[in-house]
Every structure is written in C-alpha cells, then in structure tokens.
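Residue-level structure breakdown
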Amino acid sequence: MKKRSVMLISVAVVIAAGLWAAQRPEPGPVTAIKAGRLIDPETGTAAANHVILVQGEKITGVGTDLNIPPGATVIDLSQMTVLPGLVDAHTHMGLTYKEQPENNYYYLTYVMDSTPLRAIQAASNGIQLLDSGFTVVRDVGNNALYVDAALRQAVEQGWLPGPTVIPSGPMIGSTGGQFWPTPEMYKQHNIMFPEYIDANSPDEIVRAVRENMLFGARTIKLCIDCKPWGYSVEDIELAIREAAKGGCKVEGHVQTAEGAQRAIDAGIFIIAHNSALTPEHHRQMAEKGIFLTGTDTPFTPYRGSERAFKQTVANLRDAWEKKVPLTFSTDMDYWNDRMKDPKTGEWLTRGELTINFLLTWKAAGIPSADVLRAMTTNGYKAADIITERGPIKAGFFADLIAVPGNPLDDIDALRDVRFVMKNGMVFKKDGIMTPAKFFHPGPVRMPNGRWTR
Ligand SMILES: [Zn+2]
C-alpha cells in the first residue's frame, strides 16, 4: 500500500472515530435512585424498595437486588413514590390569551404578541410544567411561527430545561381556519398564516403536511370542521397517508358530531375535544383505538361555568365507561388575574393550573389508577414515543418524578411533586427547582446523532 493511501485511511479513521464519539457521548457517572414505592401505571400497581440505576440520559437497571456501583451518586427517595413523568397530551405553549386587553379573543393575541415574545412565553411555560412533573407535552397549533418546533429543538439541543415537546406546527385547515377575518385582512394581509395554514385541495393538503414536517413538526393537526366546508373523509385519509411518510400521526380538532364521524371513519389517530362527541362516537373510538384529548376544563374561580362543567364531566365519564383510550389534556393557554392560590395569594404556575384539571377527572368519578394511566402510559402512546420514554425500564430515557403520597390511592398526591429527573438530569430535588445543569452556552446535545430539525 502506498504511503499516501495509508495516510488517507488514517485520516478517515480519525474522522470516523471523531464522529462516532460525537454521536455517542460518554455515558458518564452512575446515579442510583432508591424508590420507596415504584409505580407501574400500565398495570396500576406499586412495588416496594426498588433501585433505579441511571447513566447518561437513560435508565440502565431497575430491581430490588441491584448492586449500586462504587462512586455512584445515591438519591434517596425511599420515603417517596416514584413514577414516570406526566404528559399533557394537548396544550399550546406559545399562546396566552388574556381578559385584558383582548377580552379572551386570541385572534387579538395573535395580532398583539409577536412570535419572539410567544417563544419566550413557551420556554417559561415549559420550565413551569417541568416543575409540576410534566415531562412531555403535545403542543398542537396556535404557536405563531413554529414556536412549538423551536422549543422542541432548544430543549433537545440542551439550551434550557423543558418537557419533551411533540409539536404540530400551525394547524392545517380549510379556508379561514378558526378565524373569521375581514376580506382586507384575509386577502391583502394574508392574516391566516402563521396561526393556520389554509389547505383546501388535495395538493394543498399534501403541501401543508410536508411543510410542517420540514419545519420540525412531530405530529400533524387538522381542523376537521372549523368551518362548514371542513374536511371530507378522503381529505383526512390523504393527510394521514402523507403524515405517515414523515413518521407523524394525525390529530383532528373536532367541534361537530358530523366532523367527529368523518374523523372516526378516516381512522384518525387522535380526536381533540370531547364536547361534540356522542356516546356512539365514544363506542366507535374505543373499538378503533382512537385516542381522545378531551381538554376537560374544570370549573374554577378563574375559568368556566357550573353548567359547562357538568356537561364536561358527563362527557368524560361516558368516554371512560365506553373504554375510549383517554389522555390527560388541557388546552391551558389563557391567563387572568384570578389565577392565584386562595390561601397564599401567590400566582398559580402554568404547571399548577395544568394539574388542576384533576378536578374534572375526580368529579367524573374515574378511579385513580385510570387517571394515572391517562396521564402517563396513554399520553406516551398518544405522543407516539412509548418505545423510548415512559416505562421505568432499562433502555428508556430517565424521565422520573416523585411525590410523598401514593397517587394510586389519592390522585391529588400528584399536586405535590418534590423530585423531577429529565433525561437523566435532576431538575427538582426536595421540592426546589435546581435547573443549573440544564443551561448551556451552545447546542451541547445532538439529538439522533445529527443536526436536523
Ligand atoms: Zn387546543
């Protein structure tokens, strides 16, 4: 072999080794978590005195007879219940509509709050949600110019702490989306975008789905029936087929019984909002395994009415009785100055406002184990990440939380999250946020071993 080729091969080997190292970071030291009680939400059972070993971002072992390696950092949660992080399966991180000045009209929020401002709101909301134990959010539309996708990238690249974000990009709808713009705003100022993408014909639907996936979506959101002209079964099937090419599943916003039936007939993955669904829809969804993100708003001093709440509770109860795959979902994207803790007078965080949706689940009389399954296992399935996150088992990402009580006995135990680990890093300990290790001066993580959206 010539000297020159030997040198070239050596250079190639060095470069390849460098790339290999960049793609597979050093696993780092071991952390051993002593869990007094470890919940498996899938089965609704708890096991005593387990040790969870974590190395790098992943769980490497779980059991009662594991050897804790010398030099491991030990986290003692032996007086606590450990469980997977929680999932809000339908929210909008980059939208906060208010009573003042916009009278809860998010059409005006969109005009008044810029994309950069909404991106910062989303980043703050992510930290507040993590503080309450939500390690995954499906972020499905109304996010200005891809705030949701940017937040996903920022968290994945290691810029700041936040939940795993499953973004949809702008909601795809037929002419008008959820807005009723004036002709001049619609025709002369193209005001629909980026809050919605107008897609009417099959070609436009395909283009819209592809653009969202190109710009970082991990799920696709359709406005099924936001307008009387809505989407047909064939339109929805087309979107599902196109989304599948990019590894995305489809959620449909549904607000009429006819729209619900079209979404079910098309075999959609998720239906958003329970308010227009009938018992017959629930029966069909259970049969087809269609997930429900019901967005079950509780009646509180800061939101809702007694009458609306009664209906919400009855709808959730029926979906549960019919065995629809339920997720915990909120649409928690608004704010007013009554959002304070009545005892302390302190502002409720976005995480506390989110966990307060438990009020609806309790009013519907749904057993704690089923609520917990909706908040974890079903959420991970609806987010389509159950093969890598959720189960507390070797090989899965270490996204864990701990509470003093037992949520299988009393679901309100989840209101007191004292410990949060995200991607193997401690975010909260002894009830105090300790996020310093999550902040970096650059994109220190290379998700999936490559720099892509
Ligand atoms: Zn929504």
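Residues numbered from 1 in each chain as written. Predicted model: local features only at pLDDT ≥ 70, side-chain atom pairs only at ≥ 80, totals over all residues. Heavy atoms only, no water.

**Observations regarding the overall build of the protein**
In terms of regular secondary structure, the protein is built from 14 helices and 19 strands. At 23 Å, the protein has a C-alpha radius of gyration in line with the 22 Å of a compact globule built from 453 residues. Reported as C-alpha extents along the three principal axes, the dimensions of the protein are approximately 70 × 65 × 45 Å. Counting over 453 residues, the protein shows a buried share of 52%. Relative to all contacts within the protein whose residues are 6 or more apart in sequence, the contacts with residues 24 or more apart total 70%. (Helix = DSSP H or I, 4+ residues; strand = E, 2+ residues; numbered from the N terminus. Rg over C-alpha atoms; globule rule 2.2 N^0.38 Å. Buried < 20%, exposed > 50% of the residue type's maximum accessible area, 1.4 Å probe, protein only. Contact = heavy atoms within 4.5 Å.)

**So, the pattern of salt bridges**
Scanning the entire structure with this criterion turns up 21 salt bridges. With its nearest N and O atoms 3.2 Å apart, the salt bridge here joins Lys98 to Glu102. In terms of burial, Lys98 and Glu102 fall into one category: buried. Put simply, Lys98, Glu102 and Asp113 are held in one network by salt bridges that share partners. (Salt bridge = Lys/Arg side-chain N within 4 Å of Asp/Glu carboxyl O.)

**What about the state of the cysteines?**
If you walk through the whole model with that rule in mind, you get 1 disulfide. The residue that forms a disulfide with Cys223 is Cys226, at a sulfur-sulfur distance of 2.3 Å. Taking the torsion about the S-S bond as the criterion, the Cys223 to Cys226 disulfide, at about -80°, is left-handed. Pair check on accessibility: Cys223 and Cys226 agree, each one buried. Here Cys248 stays free of any disulfide, with the sulfur of Cys223 as its closest cysteine sulfur at 18 Å. For Cys248, a relative accessible area of 5% corresponds to the buried category. (Disulfide = S-S within 2.5 Å.)

**Some points on the coordination of the zinc ion**
At 2.1 Å from the zinc ion lie its protein donor atoms, namely His90 (NE2), His92 (NE2) and Asp331 (OD). Between consecutive donor residues of the zinc ion, the sequence gaps follow H-x1-H-x238-D. Of this pair, His92 sits in the loop between strand 5 (86–91) and strand 6 (97–98) while Asp331 sits in the loop between helix 10 (306–321) and strand 15 (334–335), and the two are 239 residues apart along the sequence. The same class applies to His92 as to Asp331, namely buried. (Donors = N, O, S within 2.8 Å, 3.2 Å for Na, K, Ca; no water.)

**With respect to the packing of aromatic side chains**
For the structure on display, the rule yields 12 aromatic pairs. Measuring from centroid to centroid gives 6.0 Å for Phe134 and Phe328, while their planes differ by 25°, and the two rings are stacked. Placement of the pair is Phe134 in strand 7 (residues 134–139) and Phe328 in the loop between helix 10 and strand 15, with a sequence separation of 194 residues. As far as the burial class goes, Phe134 and Phe328 line up, both buried. Plain terms: the ring middles of Tyr146 and Phe215 are 5.3 Å apart, the flat faces sit at 75° to each other, and that makes the pair edge-to-face. A residue pair is termed long-range when its members are at least 10 positions apart, and Tyr146 in the loop between strand 7 and helix 4 (147–157) and Phe215 in the loop between helix 6 (202–214) and strand 11 (220–223) qualify at 69 residues. By relative accessible area, which is 31% here, Phe215 ends up partly exposed. (Phe/Tyr/Trp six-rings, centres within 6.5 Å; stacked < 30°, edge-to-face > 60°.)

**Looking at the sheet that holds strand 19 (residues 432–433)**
The 8 strands lie next to each other as 3-2-1-4-16-17-18-19, forming an open sheet whose pairing is mixed. Each edge of the open sheet is held by one strand with a lone partner, namely strand 3 (58–63) and strand 19. This element, helix 3 (residues 115–131), spans strand 17 (419–422), strand 18 (425–429) and strand 19 of the sheet and lies at about 70° to strand 18. (Pairing = 2+ DSSP bridges. Axes fitted to C-alpha atoms, helices over the stretch in contact; angles between N-to-C directions.)

**Regarding the environment of Leu222**
Mapped onto the fold, Leu222 is located in strand 11. Distance in space between the C-alpha atoms of Leu222 and Ile240 is 10.0 Å, their sequence separation being 18 residues. Beyond its immediate chain neighbours, meaning those up to four positions away, Leu222 contacts Met171, Ile172, Tyr231, Ile236, Ala239, Val250, Glu251, Gly252 and His253.

**Focus on a nonpolar patch on the surface**
A cluster of nonpolar side chains, namely Tyr105, Leu108, Val111 and Met112, defines an oily patch on the protein surface of about 430 Å² accessible area. Looking at where Leu108 falls in the secondary structure, it is placed in helix 2 (residues 106–112). Given the relative accessible area of 38%, Leu108 is considered partly exposed. (Patch = residues over 30% accessible without salt bridge, like charges linked within 9 Å, V, L, I, M, F, W, Y side chains within 5 Å. Areas by Shrake-Rupley, 256 points an atom, 1.4 Å probe, with all protein chains shown as cover.)

**Digging into the confidence of the model for the protein**
In the predicted model, the protein carries a mean pLDDT of 93, and 93% of its residues have values of at least 70. Low pLDDT, under 50, characterises residues 11–25; the stretch is placed with 3 contacts to residues that sit more than four places away or in other chains. (pLDDT = per-residue confidence, 0-100.)

**Let's talk about the environment of Ala35**
Residue placement: Ala35 occurs in strand 1 (residues 30–40). Residue class for Ala35 comes out buried when judged on its relative accessible area of 2%. The spatial distance from the C-alpha of Ala35 to the C-alpha of Ser78 is 4.8 Å, given a sequence separation of 43 residues.

**With respect to the packing of helix 6 against helix 7 (residues 233–245)**
Packing of helix 6 against helix 7 leaves a shortest axis separation of 9 Å and a crossing angle of 35°. The element helix 6 and its partner helix 7 pack so that their crossing is right-handed. Residues Pro202, Ile205, Val206, Val209, Arg210 and Met213 of helix 6 lie in contact with helix 7, whose contacting residues are Asp235, Leu238, Ala239, Glu242, Ala243 and Lys245. Of the residues contributing to the contact of helix 6 with helix 7, the split by class is 8 nonpolar, no polar and 4 charged. (Left-handed = near helix turned anticlockwise from the far one by under 90°. Nonpolar A, V, L, I, M, F, W, Y, C, P; charged D, E, K, R; others polar.)

**What about the nonpolar core?**
If you look at the biggest cluster of nonpolar residues, it comprises 94 residues, and the most contacted ones within it are Ile172, Ile220, Leu222, Ile271 and Met375. If near-sequence neighbours (up to four positions away) are discounted, Ile271 is found in contact with Gly252, Val254, Ala260, Ala263, Ile264, Leu277, Met285, Ile290, Phe291, Leu292 and Thr293. Counting 16 residues, the second largest nonpolar core, distinct from the first, contains Leu38, Val82, Ile392 and Ala402. (Core = buried A, V, L, I, M, F, W, Y, C linked by side-chain atoms within 4.5 Å.)

**A short note on the sheet that holds strand 7**
The 3 strands lie next to each other as 5-7-8, forming an open sheet whose pairing is parallel. Edge positions in the sheet fall to strand 5 and strand 8 (164–167), since each of these pairs with one other strand and no more. Pairs of neighbouring strands in the sheet enclose a mean axial angle of 15°, with direction left out of account. Note that strand 5 and strand 7 share 4 bridges and pair parallel. Of the residues in strand 7, the one forming a bridge with Leu86 is Phe134. Strands strand 7 and strand 8 of the sheet are contacted by helix 4, whose axis makes an angle of about 150° with strand 8.

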